Amino acid sequence: AFLAAMPETAPDDLSDAAIARRIVSELDAKPWTPRATMSVEVRDGVVTLRGVLLDDAVRDALVVLAENMAGVVRVQDQLTTVEPMMGTVVHVPEP
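Presented here is an overview of the structure given in this document.

Counting 19 residues, the largest nonpolar core has Ile23, Val40, Val47, Leu49 and Leu62 as the members making the most contacts within it. Breaking this core down by element, the ones donating at least two residues are helix H1 (16-29), strand S1 (38-43), strand S2 (46-53), helix H2 (56-67) and strand S3 (74-82). Here this core gets 5 residues from one element, more than from any other, and that element is H2. With near-sequence residues (within four places) excluded, Ile23 lies in contact with Val40, Val47, Leu65, Ala66 and Met69.

Here it is in structure tokens:
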């Protein structure tokens, strides 16, 4: 499984910076996350995920991870998926 259960209690600090720190901390703790090729931004509780992935299952897991963080209002998926052998773009984010 990609994700472990999230804590039952909400953290005290729900600022954008705190949300971003918690998401990055979770990403750093997971060996399957592509930290070198992605970024996380949070503005007014809206998380934007940007970068390049090699697997749509990882995309889905990243979105769920962000959606389950306390204080997150919405997740904008701006991740691009590339087929690793040929370099063909499989999924491009909508504008």
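Bridging between S1 and S2 involves 6 bridges; their strand directions are antiparallel. Across the sheet, the residue bridging to Val42 is Val47, located in S2. Where S2 lies against S3, 8 bridges are found, and the strand directions are parallel. Opposite Val47, over in S3, you have Val75 as the bridge partner.

The rules we used
- Residues numbered from 1 in each chain as written.
- Predicted model: local features only at pLDDT ≥ 70, side-chain atom pairs only at ≥ 80, totals over all residues.
- Heavy atoms only, no water.
- Core = buried A, V, L, I, M, F, W, Y, C linked by side-chain atoms within 4.5 Å.
- Buried < 20%, exposed > 50% of the residue type's maximum accessible area, 1.4 Å probe, protein only.
- Helix = DSSP H or I, 4+ residues; strand = E, 2+ residues; numbered from the N terminus.
- Contact = heavy atoms within 4.5 Å.
- Pairing = 2+ DSSP bridges.

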